[in-house]
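Residue-level structure breakdown
Each chain, letter by letter, is given below.
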Amino acid sequence: MIERIWSGGSLLYLALLPLSWLYGLVSALIRLSYRCGLRKSWRAPVPVVVVGNLTAGGNGKTPMVIWLVEQLQQRGYRVGVVSRGYGGKSAVYPRVLGPDTTTREAGDEPVLIYQRTGAPVAISPNRSEAVQALLQQQPLDLVITDDGLQHYALQRDFELVVIDGVRRFGNGWWLPAGPMRERAARLNSVDACVANGGVAQAGEIAMRLQAREAVNLLSGERRPAAALPQVVAMAGIGHPPRFFATLEKLGVAVEQEVAFADHQEYQLSTLAALTSAGQTLLMTEKDAVKCRAFAQPNWWYLPVDAVLPSDQAEQLLQKIEKLLTK
């Protein structure tokens, strides 16, 4: 229902407009308070790159963060990542992730980034504290913050916004009547815009998600997703239809699609009940990091990588590298 409202397919958004106006007013006042110095913001001793979005849920932000980290690592830079740790319930903040940190403690996206890149990752609702925790442990050349475009308590040197190239900005209204955290005019003040899927508009960098081979959660075996038998597909991400559409493009014969809420916490009994004998459970990598402790032999996940045109990717990386020479 909420997707239908946000896309403009329902007039129910009208009933939510008063709350949206309040949300927009509060957001504007918060940003103004930092601009005027009424609230204090903190500048890190190293450059900070924010990868965020203007809309709620499922834009492809985390794959973009992973791409940036890996690209900068390949160029020899020491990169750290900070996140709010949404969905996690850590006993202490800030928390620097380690090999034994669970998604229940840190949230699924930070654990996924940590496992995929090997970069140091810290979480805290106060991202400034997370940055300081990382810098106390090791020297870094750059910090990337996963989300946090609207977290003005942490000063930033570069803002990158990821846009869902298919859904764009829906009906254009602030939450909860629409999907917007800030109005689209905010794009005029950011340093780069990346469109995930769809058709990139003028000034935007095109991005697509490219699937790898499916991976078995227990054995690590890799196999083309289309070769998996009797697939039940599940996704607990911001926009599950994107995952299901990817499987369709890969030629996967999906017998059932199951969508969960973003950052859903899973139990063995819940997921085991989704398949019967001979069926395969195929999930996103973001789901997989929450299920490894109780994974079953017929559970697989599909890793995806962000892919950008080489010329635009190089230009983006050069802009970020300039921050390191100032």
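Rules of the game
- Each chain has its residues counted from 1, running along the sequence as written.
- Only residues with pLDDT of at least 70 are given local features in this predicted model, and only at 80 or more are side-chain atom pairs given and counted; all residues enter the totals for whole chains, interfaces and linings.
- Only heavy atoms go into the side-chain values, all of them from the structure, while hydrogens and water stay out.
- Delimitation of the domains relies on an automatic or database domain assignment.
- Residue contacts are counted whenever heavy atoms from the two residues lie within 4.5 Å of one another.
- Here the quantity called buried area is the accessible surface, traced with a 1.4 Å probe, that two parts lose on coming together, added over both.
- Salt bridges are identified by distance alone: a Lys or Arg side-chain nitrogen within 4 Å of an Asp or Glu carboxyl oxygen.
- Within 3.5 Å is the distance limit for a polar contact, defined as a pair of N or O atoms, with the added protein rule that one can donate a hydrogen and the other accept it, and that residues adjacent in sequence qualify only through two side-chain atoms.
- Helix and strand assignments come from DSSP, with helices taken as H or I runs of at least 4 residues and strands as E runs of at least 2, each series counted from the N terminus.
- Expected span, for any helix, means 1.5 Å times one less than how many residues it has.
- Only protein chains enter the accessibility calculation, which uses a 1.4 Å probe; a residue is then buried when its area is under 20% of its type maximum, exposed when over 50%, and partly exposed in between.
- Patch members must show over 30% relative accessible area and no salt bridge, and they are joined within 9 Å when carrying like charges or within 5 Å when they are nonpolar side chains of Val, Leu, Ile, Met, Phe, Trp or Tyr.
- Only the protein chains shown count as covering a residue, and every accessible area follows the Shrake-Rupley method with a 1.4 Å probe.
- Think of each axis as a best-fit line through the C-alpha atoms, taken over the contacting stretch in the case of a helix, with angles from 0 to 180 degrees between the N-to-C directions.
- When describing relative orientation, an angle under 35 degrees is termed roughly parallel and one over 145 degrees roughly antiparallel, while 65 to 115 degrees is termed roughly perpendicular and anything else oblique.
- Two helices that cross are described as forming a left-handed crossing if the nearer one is turned anticlockwise from the farther one by less than a right angle, and a right-handed crossing if clockwise.
- UniProt positions are given in the numbering used here, feature names are shortened, and annotations may be inferred rather than shown by experiment.

1. Here's the deal with the domain arrangement of the protein chain
Taken domain by domain, the protein chain comprises domain 1 (1-208 + 307-325) and domain 2 (213-302). Computed over C-alpha atoms only, the centres of domain 1 and domain 2 are separated by 26 Å. Across the contact, 17 residues belong to domain 1 and eleven residues belong to domain 2. In this assembly, domain 1 packs against domain 2 so that about 1,200 Å² is buried in total across both faces, 48% of it on carbon and sulfur atoms. Its largest share of buried area at the contact with domain 2, domain 1 owes to Arg104, Asp108 and Leu112, together 35% of the area lost on that side. The tally of links between domain 1 and domain 2 comes to five salt bridges. Here Arg242 ties to Asp164 by a salt bridge, and the two come within 2.6 Å at their closest N and O atoms. For the pair domain 1 and domain 2, the number of links is seven residue pairs in polar contact (both at pLDDT 80 or more). Counting only elements with at least two residues in the side of domain 1 that touches domain 2, the list comes to α4 (103-106) and α5 (108-117).

2. Side note on helix α10 (residues 310-323)
Its 14 residues place the ends of α10 21 Å apart at the C-alpha level, agreeing with the 20 Å of an ideal helix rising 1.5 Å per residue. The inward-facing, buried residues of α10 abut β1 (48-52), α3 (61-74), β5 (142-146), β6 (158-164), β7 (192-196) and β8 (204-211).

3. Examining unusual backbone geometry
In this model, Tyr93 is joined to Pro94 through a cis peptide bond whose omega is -5 degrees. Tracing the chain through its elements places Pro94 in the loop between β2 (79-83) and β3 (95-96). The phi dihedral of Arg168 falls on the positive side, at around 50 degrees, and the residue is not glycine. With respect to the helices, strands and loops of the structure, Arg168 is situated in the loop between β6 and β7. Even without being a glycine, Gln230 presents a positive backbone phi close to 45 degrees. Owing to a relative accessible area of 38%, Gln230 belongs among the partly exposed residues under this scheme.

4. What about a nonpolar patch on the surface?
Nonpolar side chains collect at one region of the surface, where Leu19, Leu22, Leu25, Val26, Leu29 and Leu32 lie side by side and expose about 550 Å² of accessible area between them. With respect to the helices and strands, Leu22 occurs in helix α2 (residues 13-35).

5. What about the packing of α3 against α5?
Contact geometry of α3 with α5 gives a least axis separation of 10 Å together with a crossing angle of 30 degrees. When the axes of α3 and α5 are compared, the pair comes out roughly parallel. Considering how the two elements wind past one another, α3 and α5 form a crossing that is right-handed. Along the contact surface, α3 presents Lys61, Thr62, Val65, Ile66, Val69, Glu70 and Gln73, while α5 presents Glu109, Leu112, Ile113, Arg116 and Thr117.

6. Overview of the environment of Gly107
As for its placement among the helices and strands, Gly107 is situated in the loop between α4 and α5. On the basis of relative accessibility, which here comes to 1%, the residue Gly107 falls in the buried class. In contact with Gly107, not counting residues within four places along its chain, are Gly85, Tyr86, Gly87, Gly88 and Thr102.

7. Some thoughts on the UniProt feature "binding site: ATP" (unreviewed entry) in the protein chain
UniProt's feature table lists "binding site: ATP" (unreviewed entry) at Thr55, Ala56, Gly57, Gly58, Asn59, Gly60, Lys61 and Thr62, given in the numbering used throughout. Its relative accessible area of 12% is what places Gly60 among the buried residues. Looking at the secondary structure, you find Thr62 in helix α3. Residues in contact with Thr62, not counting those within four places in the same chain, are Glu109, Leu112, Ile113 and Asp146.

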